[in-house]
Amino acid sequence: MARREPHLSITTTDLPEVTELARERIEAEGLEDRIDAVSSDYNEVPIPDADLVTASLILH
C-alpha cells in the first residue's frame, strides 16, 4: 500500500515481537519516513480512528 499510494502516512500496530519484525522490514524497504510501527494489543486497546484499517493474520 505504501508503494502504491505515496501520499499516505501509515501506522501499523501489532504485538511487540511482531512490531520489531515490521520495523526491520520497513527500514529495509526505506519507508521509515512514512510508516510508523507501534506495539499494541487489539484485545486490550481499541483500534484508533483512521481513514483505513486493515487486518492481517489475526482474524481466524
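Described in the following lines is the structure provided in the data block.

About the cut-offs
- Residues numbered from 1 in each chain as written.
- Predicted model: local features only at pLDDT ≥ 70, side-chain atom pairs only at ≥ 80, totals over all residues.
- Heavy atoms only, no water.
- Helix = DSSP H or I, 4+ residues; strand = E, 2+ residues; numbered from the N terminus.
- Buried < 20%, exposed > 50% of the residue type's maximum accessible area, 1.4 Å probe, protein only.
- Contact = heavy atoms within 4.5 Å.
- Pairing = 2+ DSSP bridges.
- Right-handed = clockwise from strand over helix to strand, strands pointing away.

1. Comments concerning the environment of Thr12
At step 1: Among the structural elements, Thr12 can be located in strand β1 (residues 10-14).
At step 2: Assessed through its relative accessible area of 31%, Thr12 is described here as partly exposed.
At step 3: Between the C-alpha atom of Thr12 and that of Thr54, which follows or precedes it by 42 residues, the distance is 9.3 Å.
At step 4: Other than its neighbours up to four places away in sequence, Thr12 contacts Ile26, Ile35, Asp36, Ala37 and Val38.

2. Some remarks on the pairing of strand β2 (residues 35-39)
At step 1: Where β1 lies against β2, 5 bridges are found, and the strand directions are parallel. Considered in β2, the bridge of Ile10 is made with Ile35.
At step 2: In this fold, β1 hands off to helix α1 (residues 16-28), which returns the chain to β2; that crossover is right-handed.

Take it as geometry only, folks, not as evidence of what the structure does.
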